[in-house]
Amino acid sequence: MATGGGRSEREEQVLARLRARGGRVTGARRAVLAGLLDGPGHVSAEELAEVVRRSQPEVHLSTVYRALEAFEALGVVTHVHLGHGRAIYHLTDQLQHHAACERCGAVIHLPDGLFADVAERLEGDFGFHLDTHHFALVGTCERCAHEAGGPASVSAPPR
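Reading the values: rules and limits
- Residues numbered from 1 in each chain as written.
- Predicted model: local features only at pLDDT ≥ 70, side-chain atom pairs only at ≥ 80, totals over all residues.
- Heavy atoms only, no water.
- Helix = DSSP H or I, 4+ residues; strand = E, 2+ residues; numbered from the N terminus.
- Buried < 20%, exposed > 50% of the residue type's maximum accessible area, 1.4 Å probe, protein only.
- Contact = heavy atoms within 4.5 Å.
- Areas by Shrake-Rupley, 256 points an atom, 1.4 Å probe, with all protein chains shown as cover.
- Patch = residues over 30% accessible without salt bridge, like charges linked within 9 Å, V, L, I, M, F, W, Y side chains within 5 Å.
- Salt bridge = Lys/Arg side-chain N within 4 Å of Asp/Glu carboxyl O.
- Pairing = 2+ DSSP bridges.

**Student:** Can you walk me through the overall build of the chain in this structure?
**Tutor:** Scanning the chain from terminus to terminus reveals six helices and five strands. Tracing the chain from N to C terminus, the helices and strands come up as α-α-α-α-β-β-β-β-α-β-α. The buried share among the 159 residues of the chain stands at 36%. Within the chain, residue pairs in contact and separated by at least 24 positions form 52% of the contacts whose partners lie at least 6 positions apart. Total accessible area on the chain stands at roughly 9300 Å², and carbon and sulfur atoms take up 53% of it.

Below you can see the structure in the form of structure tokens.
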């Protein structure tokens, strides 16, 4: 199922992490992992199921959801909410911060340390530990703001 040396090596590293944390490695889980590795990096469960069914048509959407839940419980996969859309999934070794445009859906990957000062302040002042990877900052991208004739902080029109 591996498509190349790099993917195969990374797949084995993730499977080793899964096994080390007590997770079972089944054919369906391998197929879901392969779909995550071969995919665009951010994928919904439905999109992932489509990818998996190309090589293993017997794997149902419910199986993909169960595999993702198991991977997430074991710390191998995480999900992110990009605005009002459904959750997307990616491997935890690919954690990123995101900004999502409410108008066009564009996603911007933000530098890793961008929220360090805010996280440090929240922890120091309130004892609150911030998870900056779970949700995206939502607003308007530069292109959409320009098309609307206003600043990038303009709110999206009501839906």
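**Student:** Explanation requested: a nonpolar patch on the surface in the structure shown.
**Tutor:** A cluster of nonpolar side chains, V118, F126, F128 and L130, forms an exposed patch at the surface whose accessible area comes to about 400 Å². Inspection of the secondary structure assignment puts L130 in the loop between α5 (116-126) and β5 (137-139). For L130, a relative accessible area of 33% puts it in the partly exposed group.

**Student:** I'm lost on the pairing of strand β1 (residues 77-81) in this one. Help?
**Tutor:** Consecutive side chains of a regular strand alternate in pointing toward one face of the sheet and then the other. Taken across its five residues, β1 has four buried, putting it largely inside the fold. Linking β1 to strand β2 (residues 87-91), which pair antiparallel, is a turn of five residues; within it G83 sits at a positive phi near 75 degrees.

**Student:** For this particular structure, what's the right way to read the pattern of salt bridges?
**Tutor:** Close approach of charged atoms lets side chains of opposite charge pair. For the structure on display, the rule yields three salt bridges. A salt bridge links R121 to D125, with the shortest nitrogen-to-oxygen separation between them at 2.7 Å. Taken as a pair, R121 and D125 lie in helix α5 at a separation of four residues, close to a single helical turn. For E147, the salt bridge goes to R143, with nearest N and O atoms at 3.4 Å. A residue pair is termed a helical-turn pair when its members lie 3 or 4 positions apart in one helix, as E147 and R143 do in helix α6 (residues 142-148) at four residues. Note on E147: relative accessible area 58%, which makes it exposed.

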